[in-house]
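Geometric and topological summary
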Amino acid sequence: MGASSIKRSLGVDLTSTIHQSRVLLVGAGGIGCELLKNLVLTGFGEIHIIDLDTIDLSNLNRQFLFRHEHIKKSKAIVAKEVAHKFKPSAKLEAYHANIMDSQFHVDWFKSFNIVFNALDNLAARRHVNHMCLAAGVPLVESGTTGFNGQVQVIEEGKTECYDCNPKEIPKSFPICTIRSTPSQPIHCIVWAKSYLLPVLFGESDDTADAIDDTTDADNAKEIEELQRESQALKDIRSSLGSDEFPRKVFDKVFKDDIERLRGAEDLWKERSPPGPLDFDNIQEESSSVDSAVANIDQRVWALGEGFAVFKDSLDRLSKRLQQLQEKTPAEDPAPTLSFDKDDVDTLDFVTATANLRAHIFNIQMTSKFDTKQMAGNIIPAIATTNAMTAGLCVLQAFKVLQGKIEEAKMVFLERSGARAINSDALNPPQPDCAVCAVARGRLTIISDRATLQDFVERVLQQELGYSEELSITTRQGLVYDPELEDLLPKKLSELNIKDQTFITIVDEDDQNKDPRVNLELLVVQRTEPAEDANPVVISQVEIPRKPRKPLQPATEDETTNGNGTTAKRKRDDTEEDVAMTNGHVPKKVAGEVSTNGNGDGGKEEPILLDEQESAILIDD
């Protein structure tokens with residue numbers, strides 16, 4: 001569409017606003033590529049693109065700005081170069097960087113008229129949401145999964161923010177499930193990808209570092225056994241590349257460990273015990289199998305086929321690691337191999353070993369294609385959905401730029417139902433949201449003079465009227481509460497409170513029936529202060545009281561006591577305990593599902609063991 005056509009369609013005023021706008025696009029994946037194209041062709045004045053990721057082979061089917069020759073190059077930089085071809089006069093700036101880096105501070109965000117999120121992970125989404133709120137810049141949040149897409153406009157004080165509604169936490173599995181009692185294909189895939197592969201081809205102490213060393217009685221035995229198994233596999237690594245290496249690995253994980261598990265009879269009272277495999281028997285069964293069966297990815301391999309792929313992939317990985325070791329100078333860190341969903345050798349190994357383990361535990365085996373989906377944490381992505389979502393982002397941005405936020409909508413793409421595109425009015429901010437329902441201000445400090453005591457006693461207590469019952473936190477954790485008075489003499493710089501740091505003050509006064517909302521301050525460091533200047537100065541800020549929760553009227557199950565309180569009425573024996581709803585199905589909020597800006601769920605990460613619950617985490 002030419003400039004004159006755009007002007008006729010959008011009007012002179014909006015077209016002029018668009019041309020003069022400065023926008024930030026965070027993410028250059030599936031949605032990001034489509035959105036960048038839309039922004040450039042619509043005539044947005046200055047577009048900044050940021051993405052930490054590089055281009056993978058699996059991106060090419062839907063991230064249309066990229067070609068095969070771009071693989072391993074920066075998404076942001078390549079997107080900028082290709083988009084320039086659509087409109088050479090476009091003013092584009094690209095950053096191959098993490099949006100959470102300190103260089104992208106609040107004042108930098110404040111320089112934009114609007115921000116577009118096209119991200120693929122929860123942490124970055126929440127960070128951009130917070131920075132836009134702090135900078136007072138409107139945010140257009142978006143995400144897709146399969147045929148579904150969502151677009152949400154967020155503006156400080158006017159709409160819900162991204163954190164107003166809780167998001168689904170990453171899926172986790174207890175150690176005992178992965179190690180001893182798998183019951184689903186994903187359990188076997190996690191074991192193969194994030195335990196066996198790193199132990200055999202990763203750092204010699206990778207697994208030891210990852211194992212939770214808490215002494216919880218319920219987990220101590222499992223952790224001890226996992227450490228013992230890991231050490232045995234590390235000893236087997238010394239035979240890597242030899243003819244005996246496949247047999248030693250196979251006998252350890254598919255025979256000896258399984259026989260030991262069968263001895264724990266309590267585990268198998270209500271389920272079938274696992275059946276160990278014999279190397280010689282299965283090798284004879286697979287003698288006529290061609291290892292090229294690994295190229296078949298849509299069908300589940302038979303047991304003998306999986307065994308053949310196991311041996312072949314183990315041999316390929318062993319040779320790769322040995323070649324890397326020969327080329328690596330002795331003073332450099334030892335080379336390692338890690339899982340990559342687009343790496344044929346590691347994917348074959350994970351598929352084969354996961355299926356052998358699944359057969360042992362009577363679990364359904366999976367095809368190579370399905371294993372790649374689960375091991376790579378791939379969220380289904382459809383190019384058409386990305387394109388439609390990107391278009392909706394721009395349409396909502398028009399309303400924001402015109403100052404008509406009340407006309408903006410929460411938009412949903414849904415395959416089911418009478419309409420593909422549905423919308424709902426934007427909700428107001430949640431009054432108890434810890435991110436957007438706060439008071440905001442700025443704290444100017446002289447770093448070599450300002451102390452915590454200056455801040456607490458002179459600013460918070462004397463100027464703002466806080467009681468002694470308050471706490472101060474930063475993103476690194478608790479800095480002050482009444483029990484940490486020994487920190488008062490310390491300088492703020494010693495507590496890692498510096499320029500562009502966020503600090504949060506919480507009113508902890510239990511005696512106050514109307515406590516203040518949390519106060520969030522952005523620290524600004526003075527570079528050339530006068531000698532007599534106050535070391536800590538706070539901007540003028542209004543700190544409202546937290547809204548009181550309305551009293552709930554007594555229900556039919558409650559009676560009112562003489563003192564005005566309510567008490568539960570005992571249910572009749574025949575009364576059913578049924579949970580009632582209001583009859584409405586709540587709409588999904590943007591980002592509630594594992595939304596993905598580029599469709600592949602981000603980079604694969606090794607399993608982590610949660611220090612509190614000893615759980616194996618697949619995704620961050």
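Remember, predicted model here, so these are calculated numbers, not experimental data.

Structural notes on the overall build of the protein
- Across its full length, the protein carries 17 helices and 19 strands.
- Here the protein, with 620 residues, has 48% of them falling under the buried criterion.
- Put simply, of all contacts in the protein between residues at least 6 apart along the chain, 69% involve residues at least 24 apart.
- Surface accessibility of the protein: about 31,400 Å² in total, with carbon and sulfur atoms responsible for 47%.

Remarks on the UniProt feature "active site" (unreviewed entry) in the protein
- The sites that UniProt annotates as "active site" (unreviewed entry) are Cys176.
- With respect to the secondary-structure elements, Cys176 resides in helix α7 (residues 175–179).

Examining the packing of helix α11 (residues 245–262) against helix α13 (residues 303–327)
- Between α11 and α13, the shortest axis-to-axis distance is 10 Å and the interhelical angle comes to 125°. Between α11 and α13, the angle falls in the class oblique. Judged by the twist between their axes, the crossing of α11 over α13 is right-handed. Contact residues: α11 offers Phe245, Pro246, Val249, Phe250 and Phe254, while α13 offers Phe307, Phe310, Lys311, Leu314 and Ser318.
- For the contact of α11 with α13, the per-class residue count stands at eight nonpolar, one polar and one charged.

What about the packing of aromatic side chains?
- According to the stated counting rule, one finds 18 aromatic pairs in the structure shown.
- Geometrically, the ring pair formed by Phe250 and Phe254 is edge-to-face, given 5.1 Å between the ring centres and 65° between the ring planes. Here the residue Phe250 and the residue Phe254 both occupy positions in helix α11, the gap between them amounting to four residues, near one helical turn.
- A relative accessible area of 0% means that Phe250 is categorised as buried.
- An aromatic cluster of three or more residues is present, and its members are Trp191, Tyr195, Phe201, Phe250, Phe254, Phe279, Phe307, Phe310 and Phe349.
- Over the ring of Trp191 we find Arg357, and its NZ or CZ is 4.4 Å from the ring centre.
- The ring of Tyr466 carries the charged tip of Arg516 above its face, separated from the ring centre by 4.5 Å.

Some words on the pairing of strand β11 (residues 470–474)
- Within β11, four of the five residues are buried, which leaves the element mostly enclosed by the surrounding structure.
- Pairing of β11 with strand β13 (residues 502–507) involves five bridges; the strand directions are antiparallel. Its bridge partner being in β13, Thr473 is matched across the sheet by Thr504.
- Where β11 hands over to strand β12 (residues 477–480), the hairpin turn is made up of two residues, counted between the paired strands.

Focus: the state of the cysteines
- Counted according to the given criterion, the structure contains zero disulfides.
- In this structure Cys433 is a free cysteine whose sulfur lies 3.7 Å from that of Cys436, the closest cysteine sulfur available.
- Judged by relative accessible area, which is 6%, Cys433 ranks as buried.

Some words on α11
- Between the first and last C-alpha of α11 there are 25 Å, a value that for 18 residues agrees with the 26 Å anticipated at 1.5 Å per step.
- The largest bend along α11 reaches roughly 35° and is located at Lys252.
- Among all positions in α11, only Phe245, Pro246, Val249, Phe250, Lys252, Val253, Phe254, Asp257, Ile258 and Leu261 are buried.

Points about the pattern of salt bridges
- Summed over all chains, the structure comprises 23 salt bridges.
- Between Arg320 and Asp345 there is a salt bridge, with the nearest N and O atoms lying 2.9 Å from each other. On the criterion of sequence distance, the pair formed by Arg320 in helix α13 and Asp345 in helix α14 (residues 344–360) is long-range, its members being 25 residues apart.
- By relative accessible area, Asp345 is classed as buried at 14%.
- Between Arg440 and Glu520 there is a salt bridge; the shortest N-O distance is 3.2 Å. With a gap of 80 residues between them, Arg440 in strand β10 (residues 439–445) and Glu520 in strand β14 (residues 519–525) connect regions that are remote in the sequence.

Points about the sheet that holds strand β2 (residues 46–50)
- The sheet built from eight strands is open, its strands ordered β3-β2-β1-β4-β5-β6-β8-β9 with mixed pairing. In this open sheet, the two edge strands, each paired with only one partner strand, are β3 (91–95) and β9 (421–425). Across the sheet, the axes of successive neighbouring strands diverge by a mean angle of 15°, strand direction being ignored.
- Note: strand β4 (residues 114–117) against strand β5 (residues 139–145), three bridges, orientation parallel. Along β5, the bridge assignment pairs Phe116 with Val140.
- Helix α4 (residues 75–86) rests against β2 and β3 of the sheet, and its axis sits at about 165° to β3.
- Here helix α6 (residues 122–135) sits on the sheet in contact with β1 (22–26), β4, β5 and β6 (148–154), set at roughly 165° to β5.

Side note on the environment of Asn165
- Looking at the secondary structure, you find Asn165 in the loop between β6 and β7 (172–174).
- Separated by 265 residues in the primary sequence, Asn165 and Gln430 place their C-alpha atoms 8.3 Å from one another.
- Looking at Asn165, its side chain comes within polar contact range of the side chain of Glu160, at 3.3 Å.

Some thoughts on the pairing of β6
- Burial analysis of β6 places six of its seven residues in the buried class, the great majority of the element.
- In terms of strand pairing, β5 meets β6 through seven bridges, oriented antiparallel. From the neighbouring strand, Val140 faces β6, where its bridge partner is Val153.
- Here β5 hands over to β6 after two residues, with Gly146 in that stretch at a positive phi of 65°.
- Across three bridges, β6 lies against strand β8 (residues 409–413) in antiparallel orientation. Residue pairing in the sheet places Gln150 in a bridge with Phe412 of β8.

Brief notes about the confidence of the model for the protein
- Counting all residues, the mean pLDDT for the protein is 83, and 83% of those residues have values of 70 or more.
- Across residues 204–217, where pLDDT falls below 50, the model places 24 contacts with residues more than four positions away in sequence or in other chains.
- Counted against residues more than four places away or in other chains, residues 556–620, with its pLDDT under 50, gives 153 contacts.

A word on the sheet that holds β11
- In space, the six strands of this open sheet follow the order β12-β11-β13-β14-β10-β15, with mixed pairing throughout. Only two strands of the sheet have a single neighbouring strand rather than two, namely β12 and β15 (536–538). Along the sheet, successive strands turn relative to each other by an average axial angle of 30°, direction set aside.
- Summarising the sheet, β13 and β14 pair through four bridges and their orientation is antiparallel. Note that in β14 the partner of Thr504 across the bridge is Glu520.

Digging into helix α17 (residues 452–463)
- What α17 keeps buried is the set Leu452, Phe455, Val456, Val459 and Leu460. In an axial view of α17, the angular spread of the buried residues amounts to 125°, which keeps them on one side of the axis.
- Buried residues belonging to α17 abut β10, β11, β12, β13, β14 and β15.
- Count one or two residues on from α17 and you reach Gly465, which has phi positive near 80°.

Basis of the calculations
Residues numbered from 1 in each chain as written. Predicted model: local features only at pLDDT ≥ 70, side-chain atom pairs only at ≥ 80, totals over all residues. Heavy atoms only, no water. Helix = DSSP H or I, 4+ residues; strand = E, 2+ residues; numbered from the N terminus. Buried < 20%, exposed > 50% of the residue type's maximum accessible area, 1.4 Å probe, protein only. Contact = heavy atoms within 4.5 Å. Areas by Shrake-Rupley, 256 points an atom, 1.4 Å probe, with all protein chains shown as cover. UniProt positions renumbered as here; feature names shortened; annotations may be inferred. Axes fitted to C-alpha atoms, helices over the stretch in contact; angles between N-to-C directions. Parallel < 35°, antiparallel > 145°, perpendicular 65-115°, else oblique. Left-handed = near helix turned anticlockwise from the far one by under 90°. Nonpolar A, V, L, I, M, F, W, Y, C, P; charged D, E, K, R; others polar. Phe/Tyr/Trp six-rings, centres within 6.5 Å; stacked < 30°, edge-to-face > 60°. Lys NZ or Arg CZ within 6 Å of the ring centre and 35° of its normal. Pairing = 2+ DSSP bridges. Disulfide = S-S within 2.5 Å. Expected span 1.5 Å × (residues − 1). Bend = angle between axes of the 7 residues up to and from the residue. Salt bridge = Lys/Arg side-chain N within 4 Å of Asp/Glu carboxyl O. Polar contact = N/O pair within 3.5 Å; in protein donor to acceptor, adjacent residues only side chain to side chain. pLDDT = per-residue confidence, 0-100. Arc of directions from axis to C-beta.

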